[in-house]
Amino acid sequence: MIKLFIFLHFIKIIYGQCYSPGAAQNPVLPSCSQVCGCNPPINYQNCMTSTQGNSGGCQELCLTPASPGFYVPTCAGEYSLPCPAGTYCPNGATVTPTPCVIGNYCPEGSVNPIACQTGYYCPTGGLVTGKPCQPGNYCPNQNLINQIPCPLGNFCPSQGMLTPFQCDPGNYCDTTGMTVTKSCPTGTYNPLFGAVNITSCSLCPIGTYCPNFGSVNFLNCPIGHYCPIEGMSQPTACPIGTYNPLSGKTRQIDCLGCPKGNYCPQQGISFPFTCPPG
């Protein structure tokens, strides 16, 4: 009997008046909120209204914090909860989860913010996942807040690009944020990567032609034809009654007249035809 009395007296000293086995069951006291963090949390309904200012007893009852990535919403809760998506709970003793900061994202149960991955950007706080970089932009680093527009001379055709593509030969990229290249027009060519304007598309020289959009190089004027000026997209055929056996010719006089005993019945021929007997 004496031992029981000593034990009960010891309990009263530890918990003060915040715990009383015979007290009425009262709601959780505001003073208990500062010691939340049990996993599962302790039910504080034994705190008496008359002892709201005394949180010492409540502190004695709450010994085990919630696991990292979890939080305890109230002192009277029965279980800890996973940190909601878009927030993080670093120390496991959090009443209010911390919103995810910009440049990072936080899936459910995050202990710390996760750096936005390369190829993604995180422009606002509270994100559950990063946003993929959109076409016309690239995201080379972690923790990016904004996408980076593709620079001049480059293009970014797809989502999530880490580095821009240089403009291909035969093309040019004259604005930032391009998703497709612009082809050099017919009659021009461009053998280099990274062209930034149409002036990089050079006129095909005399004696050559460039028949297609996006030409990387020029073509020699074919036999039976001549190319007298720069920037030709099609060669000029030698007229009827003439022929030209050589490529790369630049003048109409390079088209030779048909010799005696031969005939040249059509334009653009490279050799004369022998006249038939009779």
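Residues numbered from 1 in each chain as written. Predicted model: local features only at pLDDT ≥ 70, side-chain atom pairs only at ≥ 80, totals over all residues. Heavy atoms only, no water.

1. Some remarks on the state of the cysteines
Counted by the stated rule, this structure contains eleven disulfides. A sulfur-sulfur separation of 2.0 Å characterises the disulfide bridge that pairs cysteine 116 with cysteine 122. Sign of the S-S torsion, about 80° for the bond between cysteine 116 and cysteine 122, identifies this disulfide as right-handed. Look at cysteine 116 and you get buried, because its relative accessible area is 0%. Shown here is the disulfide that connects cysteine 167 with cysteine 173, its sulfur atoms set 2.1 Å apart. Its torsion about the S-S bond being 85°, the disulfide of cysteine 167 and cysteine 173 is classed as right-handed. Cysteine 275 takes part in no disulfide bond, and the closest cysteine sulfur, belonging to cysteine 258, lies 8.4 Å away. Look at cysteine 275 and you get partly exposed, because its relative accessible area is 36%. (Disulfide = S-S within 2.5 Å. Buried < 20%, exposed > 50% of the residue type's maximum accessible area, 1.4 Å probe, protein only.)

2. Things to note about the environment of cysteine 275
Its location among the elements puts cysteine 275 in the segment after strand S24 (273-274). Residues cysteine 275 and lysine 260, spaced 15 residues apart in sequence, show a C-alpha to C-alpha distance of 8.8 Å. In contact with cysteine 275, other than residues within four places in its own chain, are Gly261, Asn262 and Tyr263. (Helix = DSSP H or I, 4+ residues; strand = E, 2+ residues; numbered from the N terminus. Contact = heavy atoms within 4.5 Å.)

3. Observations regarding the side chain of threonine 208
Structurally, threonine 208 is set in strand S17 (residues 208-209). Within the structure, threonine 208 has its side chain in polar contact with the backbone oxygen of proline 205 (distance 2.6 Å). Among all residues touching threonine 208, those that are not within four sequence positions of it are Phe218, Leu219, Asn220, Cys221, Cys227 and Met232. (Polar contact = N/O pair within 3.5 Å; in protein donor to acceptor, adjacent residues only side chain to side chain.)

4. A look at unusual backbone geometry
Trans peptide bonds make up the majority, and among non-glycine residues the majority have a negative phi. With a phi angle near 65°, asparagine 143 is a residue other than glycine that sits in the positive phi range. For asparagine 143, the location among the structural elements is in the loop between strand S9 (137-138) and strand S10 (148-149). What makes asparagine 143 partly exposed here is its relative accessible area of 38%.

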